[in-house]
Amino acid sequence: MYDVIVVGGGISGLLSALALGKHGKKVLVLERSDYLGGNCNSYRVDDFWVDTGPHAITHLQKGPLRVLMDKYFDYTPVFVDYGSYYVRTANGIRLVPSNLREFATFDVLPRMDRLMLSQAVTKALTLVTFGTDMSKESVYSCLPHHLSDDTYSFVDTISYFLSGKSMRETSVYRILYGSSFVRNSAIYDGEYQTITDQLVGQITSITGLGRLVTNKTSYAQAYPSGGLKTLLGSVLHSLPDNVEVRTDTQVRSILTDDGKASGVSTDDESYDAEIVVHSGFAKDLPGMINDLPADYRALLGRIDQAKSLCIWLGLSQQMKEFDYTGSEVWFKEKAYWAMPISNYSQGIAPKGKQLVGFMFVVEDSVKSERDRAWETIHHVFPEIEKRIEMVHYQVTTPEKAAVSIDGYIPDVRTPVSNLYLVGTDAAAESMGITRAAYSVIDLLKCMREDRHLEPA
Ligand SMILES: Cc1cc2nc3c(=O)[nH]c(=O)nc-3n(C[C@H](O)[C@H](O)[C@H](O)COP(=O)(O)OP(=O)(O)OC[C@H]3O[C@@H](n4cnc5c(N)ncnc54)[C@H](O)[C@@H]3O)c2cc1C
């Protein structure tokens, strides 16, 4: 009999197991694949270490991952400052504006459009600051009319890379958060506070309109030196002995007894537990539990997802075009988000060589998206072909629930007692790993309230 069974050994499942293990719980983690970490992972391809997609970890200075690291990790990985966000143009790279002052000189877009966009951002930020819920307002609906095609394309690209969805489906809330005009990391001044119910209301107290003039959040973004495997390694290393982990073990069903979770079953075995924490896709729950309420099933069916194609290129020589740390977007033709990842630390690529990850949003068939992606790469970097010595493709779902205006995002609590959710589909705040960490903080808070964890 376990205190807690965690379904899935991605970053959210492992962080949950770590925290609960350190609170003295006897925990079993069951992971269906033969490796741990889910999307938070790196592996070797030829002589290069590729991550599961290019990553920038946000809100690192005061956010939820920092809280968990400080409280539960035996050691924290070394993080390298992320660098900057750039736009690639025919004339090289330009910094992406992150405040109005930078916007004024961002001549990649027509002057009149910049002026109108600045006004739109100011208005949205003012509304958020004074408590208006912008989570159901699409970015497109807040844009001025008659902008140039380039400007719409730019905004669409930023929306795609922040939410996986177009500007018509992405909420203003997500853009303000993701672009770091707004942050909510300061809510962790004291003990854990409930997160899922708060969203926009809570950020208002710390969102200064001053951000429009100077935006100093970039320092809080970083990349783990050595790659995502370093972050994963420090979580695994910190797991106490009372946390047991099994790979190659797919959970087929979550068992219930009188409306309460009571364990899980796999193809070969059943395991009893007081609490079940599900970190796989919440969308899968209807296939795993018999007596899930019909209205909850319907809500889970509304979870929206996006797919990405990542093309990793191992280059035989460093290219001057990738002589920076950070990332770049290309917003014409097939847009991409790219990171010369080996610039962060030695060992990711062999000496003198370079590893660059290009991420594309998949809207059509993978085959046609891959062809279009290559057209863009060749068009933007005509010289690159001569340097390519390794190509590696990844097709993934970066987040288990996209933050779109119509999509549903479940809470950590479910209608089944003692069954909780964690992961990128159980929190709306921030993105990716930070978002997963928010859900874990929320899990601890909910378990305390439900008297499954001692008060702090
Ligand atoms: C291309 C790409 C780019 C990204 N960029 C960033 C970024 O810049 N910044 C950032 O912070 N994040 C980024 N992310 C997102 C980040 O990697 C993920 O959001 C995060 O790792 C998700 O963690 P998770 O634990 O919620 O889910 P997952 O990693 O999906 O883990 C879930 C685990 O559960 C297992 N599982 C599922 N069902 C079962 C079952 N029934 N039984 C047993 N095991 C099961 C799965 O095998 C998996 O290992 C990116 C991701 C990708 C793919």
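Residues numbered from 1 in each chain as written. Predicted model: local features only at pLDDT ≥ 70, side-chain atom pairs only at ≥ 80, totals over all residues. Heavy atoms only, no water.

**What about the overall build of the protein?**
Move 1: Scanning the protein from terminus to terminus reveals eleven helices and 18 strands.
Move 2: Over its C-alpha atoms the protein spans a radius of gyration of 22 Å, differing by no more than 12% from the 23 Å that the globule rule assigns to 456 residues.
Move 3: Each principal axis of the C-alpha distribution contributes one length, and for the protein these read about 65 × 50 × 40 Å.
Move 4: Burial status across the protein gives 58% buried among its 456 residues.
Move 5: Counting only contacts in the protein whose residues sit at least 6 apart along the sequence, the fraction spanning at least 24 positions is 71%. (Helix = DSSP H or I, 4+ residues; strand = E, 2+ residues; numbered from the N terminus. Rg over C-alpha atoms; globule rule 2.2 N^0.38 Å. Buried < 20%, exposed > 50% of the residue type's maximum accessible area, 1.4 Å probe, protein only. Contact = heavy atoms within 4.5 Å.)

**Describing the state of the cysteines**
Move 1: All chains considered together, the criterion is met by zero disulfides.
Move 2: The thiol of cysteine 40 is unpaired, and the distance to the nearest cysteine sulfur, on cysteine 310, comes to 15 Å.
Move 3: Under the relative-accessibility criterion, cysteine 310 is labelled buried at 1%. (Disulfide = S-S within 2.5 Å.)

**Details of the sheet that holds strand E16 (residues 354–362)**
Move 1: The strand order E7-E6-E14-E15-E16-E13-E17 describes an open sheet built from seven strands, whose pairing is mixed. Sheet topology places strand E7 (92–95) and strand E17 (388–396) at the edges, where each strand pairs with a single neighbour. Direction aside, the axes of adjacent strands within the sheet are offset by 25° on average.
Move 2: Sheet topology places strand E15 (residues 336–339) next to E16; three bridges connect them, and they run antiparallel. (Pairing = 2+ DSSP bridges. Axes fitted to C-alpha atoms, helices over the stretch in contact; angles between N-to-C directions.)

**What about the packing of aromatic side chains?**
Move 1: Within the structure shown, the criterion is met by 13 aromatic pairs.
Move 2: For the pair tyrosine 86 and tyrosine 324, a centre-to-centre distance of 5.1 Å together with 65° between the ring planes defines the contact as edge-to-face. Pair noted here: tyrosine 86 is in strand E6 (residues 84–89) and tyrosine 324 is in the loop between strand E13 (307–315) and strand E14 (326–330), with a separation of 238 residues, a long-range link. Assigned by exposure class, tyrosine 86 and tyrosine 324 land together as buried.
Move 3: Between the aromatic rings of phenylalanine 322 and phenylalanine 381, the centroid separation amounts to 4.9 Å while the plane-to-plane angle is 45°, which identifies the pairing as tilted. Of this pair, phenylalanine 322 sits in the loop between E13 and E14 while phenylalanine 381 is found in the loop between helix H10 (366–380) and E17, placing the two residues 59 residues apart along the sequence. Take phenylalanine 322 and phenylalanine 381: they sit in the same class, and that class is buried.
Move 4: Clustering of aromatic rings is evident, with ring pairs tying together Phe322, Tyr336, Phe358, Phe360 and Phe381.
Move 5: If you follow lysine 229 out to its NZ or CZ, it ends over the ring of tryptophan 49, 4.4 Å from the centre. (Phe/Tyr/Trp six-rings, centres within 6.5 Å; stacked < 30°, edge-to-face > 60°. Lys NZ or Arg CZ within 6 Å of the ring centre and 35° of its normal.)

**A few points about the site of the ligand**
Move 1: The full set close to the ligand counts 35 residues, and Ser12, Glu31, Asn39, His55 and Ala56 are the nearest of them.
Move 2: Here a nitrogen atom of the ligand and a backbone polar atom of arginine 32 are 3.1 Å apart.
Move 3: Alanine 56 places a polar main-chain atom, nitrogen or oxygen, 2.7 Å from a nitrogen atom of the ligand.
Move 4: Across the complex, the protein chains shield 94% of the 1,000 Å² of accessible surface that the ligand would expose by itself.
Move 5: Counting residues per element, the ones that place at least two in the shell around the ligand are helix H1 (11–22) and helix H11 (432–449).
Move 6: Residues that form the shell around the ligand fall into these classes: 13 nonpolar, 19 polar and three charged. (Near = heavy atom within 4 Å. Polar contact = N/O pair within 3.5 Å; in protein donor to acceptor, adjacent residues only side chain to side chain. Areas by Shrake-Rupley, 256 points an atom, 1.4 Å probe, with all protein chains shown as cover. Nonpolar A, V, L, I, M, F, W, Y, C, P; charged D, E, K, R; others polar.)

**A short note on the nonpolar core**
Move 1: Membership of the largest hydrophobic core comes to 70 residues, with the highest contact counts inside it found for Leu15, Leu20, Leu65 and Val264.
Move 2: Counting residues in each nonpolar core, the second largest holds 37 residues, with Val155, Phe331, Ala335 and Tyr344 among its members. (Core = buried A, V, L, I, M, F, W, Y, C linked by side-chain atoms within 4.5 Å.)

**Side note on the environment of glycine 53**
Move 1: Inspection of the secondary structure puts glycine 53 in the loop between strand E4 (48–51) and helix H2 (64–72).
Move 2: Once you skip the residues sitting within four places of it in the chain, glycine 53 turns out to touch Cys310, Trp312 and Gln394.

**Points about the confidence of the model for the protein**
Note: predicted coordinates in regions of low pLDDT should not be interpreted at a detailed level.
Move 1: Residues at a pLDDT of 70 or more form 91% of the protein, whose mean pLDDT is 89.
Move 2: Taken together, the stretch residues 184–219 has pLDDT below 50 and engages in 101 contacts with residues farther than four places along the chain or on a different chain. (pLDDT = per-residue confidence, 0-100.)

**What about the environment of leucine 28?**
Move 1: Within the element layout of this structure, leucine 28 appears in strand E2 (residues 27–30).
Move 2: Judged by its relative accessible area of 0%, leucine 28 is buried.
Move 3: For the pair leucine 28 and serine 262, spaced 234 residues apart in the sequence, the C-alpha separation amounts to 14 Å.
Move 4: Look past the residues within four positions of leucine 28 in its chain and what remains in contact with it is Tyr2, Val4, Ile5, Val6, Glu244, Arg246 and Tyr271.

**A short note on helix H8 (residues 228–238)**
Move 1: Regarding H8, the residues found buried are Leu228, Leu231, Leu232, Ser234, Val235 and Ser238. Burial along H8 is one-sided: seen end-on, the buried residues are contained in an arc of 160°. (Arc of directions from axis to C-beta.)

**Some points on the packing of H1 against H2**
Move 1: Contact pair H1 / H2: the axes reach a minimum separation of 11 Å and the direction vectors enclose 40°. One element, H1, and the other, H2, form an angle in the oblique class. Every pair of crossing elements has a handedness; the one defined by H1 and H2 is left-handed. Facing Leu15, Leu18, Ala19 and Lys22 of H1, the residues of H2 in contact are Leu65, Leu68 and Tyr72.
Move 2: Per-class residue counts for the contact of H1 with H2 are six nonpolar, no polar and one charged. (Parallel < 35°, antiparallel > 145°, perpendicular 65-115°, else oblique. Left-handed = near helix turned anticlockwise from the far one by under 90°.)

**Describing unusual backbone geometry**
A negative phi angle characterises most non-glycine residues, just as the trans form characterises most peptide bonds.
Move 1: A positive phi angle, close to 60°, is found at histidine 146, a residue other than glycine.
Move 2: Among the residues examined, histidine 146 registers a relative accessible area of 75% and is labelled exposed.
Move 3: If you check the backbone angles, asparagine 418 has positive phi at about 65° while not being a glycine.
Move 4: The residue asparagine 418 is located in the loop between E17 and strand E18 (419–421) in this model.
Move 5: Assessed through its relative accessible area of 10%, asparagine 418 is described here as buried.

**Thoughts on the pairing of E7**
Move 1: As defined by bridge partners, E6 adjoins E7 across four bridges and the pair is classed as antiparallel. Looking across to E7, one finds that arginine 88 is bridged to isoleucine 93.
Move 2: In textbook terms, the turn of a hairpin is the stretch between consecutive antiparallel strands, and for E6 and E7 this stretch comprises two residues.

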